[in-house]
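Observations on the three-dimensional arrangement
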Amino acid sequence: MSATPNVQPTPGSALRMGGLVLAAGAGSRMGHRPKCLLQLNGLSLLERQLQALSLAGVRPIQVVLGHHAERILQEGVLARWSAHPVRNPQPDDGHVSSLRIGLKALPAGLDAVVVALADQPLIDVHAVQALLAAFAQRPRGTQMLQPSVQGLPGNPVVFSGLVMAHILAGEAHMGARQWQRAHPEGVYHWETPDGHYRLDVDNEADRQAVAQLTGQSLIWPHDLDP
């Protein structure tokens, strides 16, 4: 089912904002299925992320695929939102590996990058717009924004082109978290009451939590439903 956007895209600004969606995981706690294809109100979690980023004016968008890449591409979601697939040939190497591969696929010279998870069901265009507005007004000297809900870290995160360059120039273990640890003064922990930034779907308990919050069940595509 294709999306019918009911929010107008954010007008373009002078900033070049690239997007990166991490969708390479095996879904081992969800029966080794691509959890980004779980559907909420007829849209997969992956499509909801791409819709949110696109309508917020983030482009280009790269989607890092690994496990289940062919099945995800069958959906046609990336093409529908003009997102570009990039493969992680060793997805079991973890989050940092996928992040670095995705950053390398983005064009040089970006002012900032939004890094999103493919399994956050309640991130919408308004959530992304709020992140971008907070990043634009971040304290002087900070280069990375992470939403914080009651002191706990959330996603997506936003960081500057300088951080992107630092990560790519670093060793293979250098990712966003490692940069944060090395440069705590450069991180803006943006406090927000919006718990949607904390919610992702890793297991059946998370799936049930989404149903309790929204009154809607997360549904597998027919061929993935056990």
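Residues numbered from 1 in each chain as written. Predicted model: local features only at pLDDT ≥ 70, side-chain atom pairs only at ≥ 80, totals over all residues. Heavy atoms only, no water.

**Details of the overall build of the protein**
What the protein contains, in helices and strands, is 8 helices and 10 strands. Its C-alpha atoms give the protein a radius of gyration of 17 Å, near enough to 17 Å, the size a compact globule of 226 residues would have. The principal-axis extent of the C-alpha atoms belonging to the protein is close to 50 × 35 × 30 Å. Within the protein, the fraction of its 226 residues that count as buried is 50%. Of the contacts formed within the protein by residues at least 6 apart in sequence, a portion of 75% connects residues at least 24 apart. Accessible area of the protein: about 10800 Å², with a carbon and sulfur share of 51%. Seen as two clouds, the 17 positive and the 18 negative side-chain charges of the protein have centres 5 Å apart. (Helix = DSSP H or I, 4+ residues; strand = E, 2+ residues; numbered from the N terminus. Rg over C-alpha atoms; globule rule 2.2 N^0.38 Å. Buried < 20%, exposed > 50% of the residue type's maximum accessible area, 1.4 Å probe, protein only. Contact = heavy atoms within 4.5 Å. Areas by Shrake-Rupley, 256 points an atom, 1.4 Å probe, with all protein chains shown as cover. Lys, Arg positive; Asp, Glu negative; His and termini not counted. Charge placed at Lys NZ, Arg CZ, Asp CG, Glu CD.)

**Description of helix H1 (residues 45-55)**
Taking burial as the measure, the 11 residues of H1 include 11 buried ones, the bulk of the element. For H1, the set of buried residues is Leu-45, Leu-46, Glu-47, Arg-48, Gln-49, Leu-50, Gln-51, Ala-52, Leu-53, Ser-54 and Leu-55. At the C-terminal side of H1, Gly-57 shows a positive phi close to 85°.

**Some points on the confidence of the model for the protein**
Within the protein, residue pLDDT values average 93, and 94% of them lie at 70 or more. Across residues 1-12, confidence stays below pLDDT 50; counting only partners more than four residues off in sequence or on other chains, it has 24 contacts. (pLDDT = per-residue confidence, 0-100.)

**Structural notes on the side chain of Ser-97**
Structurally, the position occupied by Ser-97 is in helix H4 (residues 95-105). With a relative accessible area of 17%, Ser-97 lands in the buried category. Those residues within four positions of Ser-97 in sequence are excluded, and the remaining contacts are Asn-88 and Gln-90.

**With respect to the packing of H4 against helix H6 (residues 161-169)**
When two helices pack together, their arrangement is given by the angle between their axes and by how far apart the axes lie. Look at H4 against H6: their axes get within 10 Å of each other, and the N-to-C directions meet at 120°. On the basis of their axis angle, the class for H4 and H6 is oblique. Both H4 and H6 take part in a crossing whose hand is left-handed. Contacts between H4 and H6 involve Leu-99, Arg-100, Leu-103 and Lys-104 from the former and Met-164, Ile-167 and Leu-168 from the latter. (Axes fitted to C-alpha atoms, helices over the stretch in contact; angles between N-to-C directions. Parallel < 35°, antiparallel > 145°, perpendicular 65-115°, else oblique. Left-handed = near helix turned anticlockwise from the far one by under 90°.)

**Focus on the layout of surface pockets**
Space inside the largest pocket adds up to approximately 1000 Å³. What lines the largest pocket is a set of 39 residues, and nearest its centre among them are Lys-35, His-95, Leu-117, Asp-119 and Asp-202. Partitioned by chemical class, the residues of the lining of the largest pocket number 17 nonpolar, 12 polar and 10 charged. (1 Å grid on protein atoms, 1.4 Å probe; cavity = no way out; pocket = protein on both sides within 12 Å on 5 of 7 lines; lining within 4 Å. Points joined across faces, edges and corners; volume = space filled by probe spheres on them. Nonpolar A, V, L, I, M, F, W, Y, C, P; charged D, E, K, R; others polar.)

**What about the pattern of salt bridges?**
Should the charged atoms of two oppositely charged side chains come close, the side chains can pair. By the definition in use, this model includes 8 salt bridges. Between Lys-35 and Asp-119 there is a salt bridge whose closest N-O contact spans 3.0 Å. Taken as a pair, Lys-35 in the loop between strand E1 (17-23) and strand E2 (39-40) and Asp-119 in the loop between strand E6 (112-117) and helix H5 (125-136) lie far apart in primary sequence, 84 residues in all. You can call Asp-119 buried: its relative accessible area is 7%. The residue Arg-80 makes a salt bridge to Glu-47 at a minimum N-O spacing of 2.8 Å. Linking Arg-80 in helix H3 (residues 77-80) with Glu-47 in helix H1, this pair joins segments that are 33 residues apart in sequence. Arg-80 gets classed as partly exposed once you look at its relative accessible area, which sits at 36%. Note on Glu-47: relative accessible area 2%, which makes it buried. (Salt bridge = Lys/Arg side-chain N within 4 Å of Asp/Glu carboxyl O.)

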